[in-house]
Amino acid sequence: MTLLEAAQTAIAIAIQKGATAAECTIAEGEEFSATVRLGEVETIKEAGSRGAGLRVLMGRKQGSSYTSDLSGDGLARMADAALAIAEITEEDPFAGLPEKEELGQIDGDLKLAADDVANVEAAARIDAAKRAEAAALKADERIANSEGAGCETYTGTRVFVNSLGFSGAYTSTNASLSVTPVAKRGDAMERDYWHTTSRSWAGMESPEDVGRIAAERAVRRLGARKIETQKATIVFEPRVAKSILGHIFEAVNGDSIYRKSSFLLDKIDEQIAASNVTVIDDATVPGWFGTSPFDDEGVPTRRTPVIEGGVLKSYLLNTYTARKLGLKTTGCAARGLTGAPGVGHGTLYLEAGSKTPEEIFAAVGTGLYVTELIGFGVNVVTGDYSRGAAGLWIEGGKLSYPVAEITIAGNLSEMLRDIVHIGSDLEFRGSTCAPTIAIANMTISGK
Amino acid sequence: MPLSSSLFGQKFAITERDLESYLAEALSKGGDYADLYFEYLATASISLDESIIKSATQGVTLGVGIRVLFGERTGYAYSDDLSPDKIRKAARTASCIASGPATQLTAGLTSVEKHDLYKVATLAGDTPLADRAQLVKRADAAARAHDPRVFQVQAVYADTVRHVLVASSDGKLSIDRQPMARMNVSVLAREDGGVPQRGYAGGGGRIGLDFFTGDHSPERFATDAARQAIVQLHAIDAPAGEMTVVFGPGWPGILLHEAVGHGLEADFNRKGVSAFSGRVGQKVASDLCTVVDDGTIASRRGSLNVDDEGEPTKQNVLIENGVLRGYLTDKLSARLTNAKSTGSGRRESYQHYPMPRMTNTFMLAGESDPEEILKSVKSGLYCANFGGGQVDITSGNFVFSASESFLIKDGKITTPVRGATLIGNGPEALKYVSMVGNDLKLDQGIGVCGKEGQSVPVGVGIPTIKIDKMTVGGTR
């Protein structure tokens, strides 16, 4: 039985046993990884797994189940479990599959899978990780240790079938390489990392570049000072700026909107950010990390402007949240194998501005360049924002000394309006992407 | 439990001879050590939103993870198919980490002596689904009845039972059945169309459905969540800068988990990349601080009869009267550092290899009356509840988010303040602990710890303590 046949079988069994509608997701994946440390192999992991998830509706009640047993018996047990647990759920007038005419997928080669990933030998992964680590270790004499380097390749297939006749499948591949060197001066140690990821093996940055950049990042943190508590302009490098995009996503996520738990509730067509801010969700561009032909309910993906010129244009919705809000799905259903679909995004990005990072430092004059954020101190209900930070102090328009053990705080509503500069350095390194951004009037808490 | 009467013997007909042959396959290229981790995990969860049980899920995952150690190297493979040929294939894949003639196994497997920490008469998963569904319905009703300003309630109930079998090439066999249940309630309250505020509470452990009564009833969790949301309605902006901070008892023990716990995991220390590396015997906290990690407390969320490498868990003293005593080890780090396993080898599932992790981490009670601690503070912050935290183990800098805190003025708890992150440095922060209360409390049992992509359930605890200097990341 192919994966598609297994999904179709699960649907047929569920309908035959009394479900009024059903949808089945099957995921199959193979992961191969190697980690090395100080030039020696540390771990090698090779494995494959697969599983199926089923959601059934009985009128407006719904239940779900999952299994890794894709035999006929296993699929039947999954259907029984989903139907049994649906009994205890309650009528939800908005529950259901998408409308039949909403189903479909976008055409064309989306370049989600590269042939070279499946053929990578274990030795090649080990070699890439060793080269990246070696480059980091020799980049600077202050690189005294390493947490290691890792290289991973992944091939995954996703199948989705529903009882309205949708059936689709796609395979995607991924290759990634990362290294975490440790820099030391006296008793003080600092680590940082750098990584590259690509749909193809050949598309990764060179291990030497990854290692060198990681080493530079770790070394420049040495001798970090704790600074005085003060108001300042904060410049977020792209790697941390994308986390702000993540908070915007949480706030425009249809689940947050219908539950009235978002600081962006009821703000459509209002100016919620500085006029230079445009945020797009696009799951249709071939090769991007957030691309797929259909969402996790079988609805075609699309390009959705979320914020244009600082004005909030759209929430991101699946079928359920769209119905709750009297709107149409934006093709953003996302789920693991099981449960009712949640809301996700394609490639969510902040459009690039015109300044280089150096031009932004010069324009800011004095402020903080943040290269790392830790902790979970963000509340999208109120917009309250407070996170641990490390980075470099900007003085005289240039980066000067490293800074650590401080927090930066503000409120997302004000922070979005206080975005004073957006960099030209947008790169599509993942499914959430941002260039360098500068936000004025934030509070640094330190000494 | 003998293998023949365990789920793996009954359902999958796995025998000791099978286990030995898989281990032999794993060591066929000369590894130093191999182990098999069989897992069968059954889960159920029920979610309520807008007073409706909107969704519910149940299912089973199962598989086997096979690990081979060869010097500092680990080979790992897993299979979600327990047929003998698939298990052998995984064993062969893992074996390739080594190179050489096969390692001979000692004959026979001996059952490990394990604790008996899960006092569950009836597994939650064996009770009627309708009874479990009642818990979220009751939580919803109680939160809404608590105060008319409550306008959104989400409640989730979930239970799991994990059957685990670990067989290792040193001739040990352990079989454990690990129950878990928990419920969480999240409440939003609003006043006069103003900004909503969230409150959050929950509890659970290695318990059955009978746990959810009295102090652990859905009503108690719901009203606690509602209370927190309503307190926040009148909160002012949090202060910014260094100040005296008093931590309330219980969940604020997450301070220990972030400030010292992760930094004391032996994998980081073996590699010399932790801020605590090479500091055993040194002073890393004030004399008042004794911190333990204890996986042997009955019914606790972080407790285990045996860890995920089949070793019995222990009570491990991490810091004694301010002096660093030792690290948390798994088998690999113990072998490589000539230490004993502290029973701290844990993993998220059969798809993951084990690493040193915490279980229940807490500070022993001191002698101060909590009232006296507050009275001693002229001006500062009192933190009653926290969200999550994170640590950079190399620099030692850690953060955690206060979700319910209040200003202290002249020894009294006064105005509530909005959420803020607290930041400190692991080997330094606890040196400023100047008072420790006599009111040690463990958390309610909803903690999850993440490390290198693996999540495991943990517990924390702390008595009321005073830290003379800590940085609070507010805006005011």
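Please read all numbers here as calculations on a predicted model, not as lab measurements.

(A) Quick look at the overall build of chain B. Tallying secondary structure elements over chain B gives 10 helices and 23 strands in all. Rg of the C-alpha trace for chain B: 24 Å, near the compact-globule value of 23 Å for 476 residues, within the 12% margin. Taken along its principal axes, the extent of the C-alpha atoms in chain B is 70 × 55 × 35 Å. Looking at chain B as a whole, 60% of its 476 residues qualify as buried. Taking the contacts inside chain B whose residues are at least 6 apart along the sequence as the reference set, 76% of them involve residues at least 24 apart.

(B) Quick peek at the overall build of chain A. Looking only at helices and strands, one finds 10 helices and 20 strands in chain A. Relative to the globule expectation of 22 Å for 447 residues, the C-alpha radius of gyration of chain A, 24 Å, shows essentially globular dimensions. Dimensions of chain A, computed from the C-alpha atoms along their principal axes, are close to 70 × 55 × 40 Å. Across the 447 residues of chain A, 57% fall into the buried class. Long-range contacts, defined here as pairs at least 24 residues apart, represent 72% of the contacts in chain A between residues at least 6 apart.

(C) The arrangement of the nonpolar core in detail. Counting 265 residues, the largest nonpolar core has A:Ala10, A:Ala52, A:Val235 and B:Val185 as its most contacted members. Apart from the residues lying within four places of it in its own chain, the contact partners of A:Val235 are A:Ile360, A:Phe361, A:Val364, A:Gly367, A:Leu368, A:Tyr369, A:Val370, A:Ile394, A:Thr436 and A:Ala438.

(D) Region of the structure containing the pairing of strand 17 (residues 412–417) of chain B. Residue and element names in this part refer to chain B. Inspection of the sheet shows strand 16 (residues 397–409) paired to strand 17 by 4 bridges, in the antiparallel sense. Residue pairing across strands places Ile408 opposite Ile413, the latter belonging to strand 17. In this structure, the hairpin formed by strand 16 and strand 17 is closed by a connection of 2 residues, where Asp410 is found at a positive phi of approximately 50°.

(E) Highlighting the domain arrangement of chain A. Residue and element names in this part refer to chain A. According to the domain assignment, chain A contains domain 1 (3–219) and domain 2 (224–447). A straight line from the C-alpha centre of domain 1 to that of domain 2 covers 24 Å. With 31 residues of domain 1 at the contact, the number on the domain 2 side is 25 residues. Within the residue set of the side of domain 1 that touches domain 2, elements represented by two or more residues are strand 1 (21–37), strand 2 (40–58), strand 3 (61–67), strand 4 (143–162) and strand 5 (167–185).

(F) Fine view of the sheet that holds strand 9 (residues 279–282) of chain A. Residue and element names in this part refer to chain A. Strands sit in the order 11-10-9-14-19 across an open sheet of 5 strands; the sheet is mixed. In this open sheet, the two strands that pair with only one neighbour each are strand 11 (311–312) and strand 19 (432–433). As paired strands, strand 10 (residues 303–308) and strand 11 are joined by 2 bridges and run antiparallel to one another. In the strand pairing of strand 11, Glu308 is matched with Val311.

(G) Up close: the interface of chain A and chain B. Contacts between the two partners involve 58 residues from chain A, matched on the other side by 62 residues from chain B. For the side of chain A that touches chain B, the element with the highest residue contribution is strand 2 of chain A, accounting for 10 residues. Of the residues belonging to the side of chain A that touches chain B, the class tally is 16 nonpolar, 25 polar and 17 charged. As defined by bridge partners, strand 2 of chain A adjoins strand 3 (residues 73–79) of chain B across 5 bridges and the pair is classed as parallel. Counterpart to A:Lys45 in the pairing with strand 3 of chain B is B:Tyr76.

(H) Broad picture of the domain arrangement of chain B. Residue and element names in this part refer to chain B. Parsing chain B into structural domains produces domain 1 (3–233) and domain 2 (240–473). Spacing between the C-alpha centres of domain 1 and domain 2 amounts to 23 Å. Contact with domain 1, which involves 38 residues of that partner, is made by 28 residues of domain 2. Here the side of domain 1 that touches domain 2 takes 7 residues from strand 6 (residues 172–189), the largest share from any one element. Among the residues making up the side of domain 1 that touches domain 2, the classes are represented as 12 nonpolar, 14 polar and 12 charged.

(I) View of helix 2 (residues 16–26) of chain B. Residues and elements named next belong to chain B. All of the buried residues along helix 2 are Leu19, Tyr22, Leu23, Glu25 and Ala26. One side of helix 2 holds all its buried residues, which, seen down the axis, span an arc of 155°. Next to the buried residues of helix 2 lie strand 1 (33–49), strand 2 (52–70), helix 3 (84–95) and strand 5 (150–168).

(J) Representation of helix 5 (residues 207–219) of chain A within the structure. All names here are of chain A. Here helix 5 spans 18 Å end to end across 13 residues, near enough to the 18 Å set by a 1.5 Å rise per residue. Of all the 13 residues making up helix 5, 10 are buried; the element is thus mostly covered by neighbouring parts of the structure. Along helix 5, the positions that sit buried rather than exposed are Pro207, Val210, Gly211, Arg212, Ile213, Ala214, Ala215, Arg217, Ala218 and Val219. Check the buried side of helix 5 and you find it contacts helix 4 (122–139), strand 4, strand 5, strand 6 (188–191) and strand 7 (194–198).

(K) Broad picture of the packing of helix 4 (residues 129–146) of chain B against helix 5 (residues 218–233) of chain B. All names here are of chain B. Where helix 4 meets helix 5, the closest approach of the two axes is 8 Å, and the angle between their N-to-C directions is 40°. Here helix 5 runs oblique to helix 4, going by the angle between their axes. Considering the relative orientation of helix 4 and helix 5, their crossing is right-handed. Together, Leu135, Arg138, Ala139, Ala142, Ala143 and His146 of helix 4 and Pro218, Glu219, Phe221, Ala222, Thr223, Ala225 and Ala226 of helix 5 make up the contact between the two elements. Grouping the amino acids of the contact of helix 4 with helix 5 by side-chain chemistry returns 9 nonpolar, 2 polar and 2 charged.

(L) Quick peek at the pairing of strand 14 (residues 347–350) of chain A. Residues and elements named next belong to chain A. Because side chains alternate across strand 14, one face comprises the buried residues Thr347 and Tyr349, and the other comprises Leu348 and Leu350, equally buried. Relative to strand 14, strand 9 runs antiparallel, the two sharing 4 bridges. Bridged to Ile280 within strand 14 is Tyr349. With 2 bridges connecting them, strand 14 and strand 19 associate as parallel partners. Bridging from a neighbouring strand, Leu348 pairs with Thr432 of strand 19.

(M) Broad picture of the packing of helix 1 (residues 3–16) of chain A against helix 2 (residues 72–86) of chain A. Residue and element names in this part refer to chain A. Following both chains from N to C, one finds helix 1 and helix 2 inclined at 45°, their axes separated by 9 Å at the closest point. As judged from the angle between their axes, helix 1 and helix 2 are oblique. In the crossing of helix 1 with helix 2, the sense of the turn from one axis to the other is right-handed. Residues Ala6, Thr9, Ala10, Ile13 and Ala14 of helix 1 pack against Gly72, Leu75, Ala76, Met78, Ala79 and Ala82 of helix 2.

(N) Highlighting the environment of A:Leu222. Residues and elements named next belong to chain A. Tracing the backbone shows Leu222 in the loop between helix 5 and strand 8 (230–236). When the 17 C-beta atoms within 10 Å are taken as the criterion, Leu222 is described as partly exposed. Remark: the alpha-carbon pair of Leu222 and Met189, spanning 33 residues in sequence, is separated by 7.1 Å. In this view, Leu222 contacts Arg142, Ala183, Arg185, Ala188, Glu190 and Pro402; residues no more than four positions away in its chain are not counted.

The rules behind these values
- Residues numbered from 1 in each chain as written.
- Chains lettered and ligands numbered in written order.
- Predicted model: local features only at pLDDT ≥ 70, side-chain atom pairs only at ≥ 80, totals over all residues.
- Helix = DSSP H or I, 4+ residues; strand = E, 2+ residues; numbered from the N terminus.
- Rg over C-alpha atoms; globule rule 2.2 N^0.38 Å.
- Buried ≥ 20, exposed ≤ 12 C-beta atoms within 10 Å, placed from the backbone.
- Contact = placed C-beta atoms within 7 Å.
- Core = buried A, V, L, I, M, F, W, Y, C linked by C-beta atoms within 7 Å.
- Pairing = 2+ DSSP bridges.
- Domains from an automatic or database assignment.
- Nonpolar A, V, L, I, M, F, W, Y, C, P; charged D, E, K, R; others polar.
- Arc of directions from axis to C-beta.
- Expected span 1.5 Å × (residues − 1).
- Axes fitted to C-alpha atoms, helices over the stretch in contact; angles between N-to-C directions.
- Parallel < 35°, antiparallel > 145°, perpendicular 65-115°, else oblique.
- Left-handed = near helix turned anticlockwise from the far one by under 90°.

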